[in-house]
Amino acid sequence: MTVANVPKPPINWPTAIFMVAVHSIALLAFLPSNFSWSAIAVALFLHWVTGCLGITLGWHRLVAHRSFTVPKWLEYFFVFCGSLACQHGPIEWIGLHRHHHAHSDQPVDHHSSTKGFWWSHMGWIFYEVPADGDVPRLTKDIARDPFYLFCENYFLLMQVALGLLLYVIGGWSFVLWGIFVRLVAVYHCTWFVNSATHKFGYKTFESNDYSTNCWWVAVVTYGEGWHNNHHAFQFSARHGLKWWEIDVTWMTIQLLSKLGLATKVKIPKQEDVQAALLS
């Protein structure tokens, strides 16, 4: 795969300023006066709520790929959790993710790994995304849903409300760790799926792109690091297809299934897995 030399799009100044501010403020959490184990516990809990239940399980596997079904109230809960990750609203995120899968590592892929690790990890975020124009076409199933529209329009205010709640409960240390450090951690964990799992690790299946399976990304993203598996079987609710490819999100989906909350769970047939193996 080759990429033509094309001019970079205009800088997205609001996003760039926001990202610099969040990363800078997060550093204040490491001052001795702002350190507490309870604040770290809050950050870890919210990392799981927003990163696992929200982004990985909710926005990605449930909505973007429809790899399983849950009652609408539970879908909304997971979408809400994802909105608290502050990675823009669910409609744009899901639309851009579907665009990525349609053009993975091709020139029009907005975070193509062929443009370098930095670009695929976070560089692309600082620029206007041409693929935004395709979002309405790729999100017709959710674009008019009132709850999705609410989360799309007010995800920043939702973060402010969470910050106020944390301040009331535990003061500034809870805000710094539960909002800023947690946001930075979830951001980079998510971005590693765009960058590291298109560069490091191993390939099990032919996927017509550079996606790889990377164990350490799987650890910090609750199973998303088995990315080559995912690109080979995009519909699958299970990403860790070998017994040792630990997939915490898949375990959560299995629990939901046993509780009768997850139905129509999609996984690849064994014969399809064998047929897709690299020779």
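Residues numbered from 1 in each chain as written. Predicted model: local features only at pLDDT ≥ 70, side-chain atom pairs only at ≥ 80, totals over all residues. Heavy atoms only, no water.

As recorded in an unreviewed UniProt entry, the protein chain goes by Acyl-CoA desaturase and comes from Adonisia turfae CCMR0081. Under the UniProt heading Sequence similarities (unreviewed entry), the entry covering the protein chain gives this text: "Belongs to the fatty acid desaturase type 2 family." Listed under Cofactor (unreviewed entry) in UniProt, the entry text for the protein chain is "Fe(2+)". (UniProt positions renumbered as here; feature names shortened; annotations may be inferred.)

## Side note on unusual backbone geometry
In this structure, Arg 66 is a non-glycine residue whose phi angle is positive, near 50°. In this structure, Arg 66 sits in the loop between helix 2 (37-64) and helix 3 (72-83). Backbone geometry at Asp 105 places phi at a positive 60°, although glycine is not the residue there. Here Asp 105 is to be found in the loop between helix 4 (90-102) and helix 5 (117-121). (Helix = DSSP H or I, 4+ residues; strand = E, 2+ residues; numbered from the N terminus.)

## Observations regarding the UniProt feature "transmembrane region" (unreviewed entry) in the protein chain
According to UniProt, the "transmembrane region" (unreviewed entry) feature falls on residues 12-31, 37-59, 147-168 and 174-193. Helix makes up 100% of residues 37-59 and strand 0%, whereas the separation of the span's terminal C-alpha atoms amounts to 30 Å. In residues 147-168, helix accounts for 100% and strand for 0%; the two terminal C-alpha atoms are 27 Å from one another.

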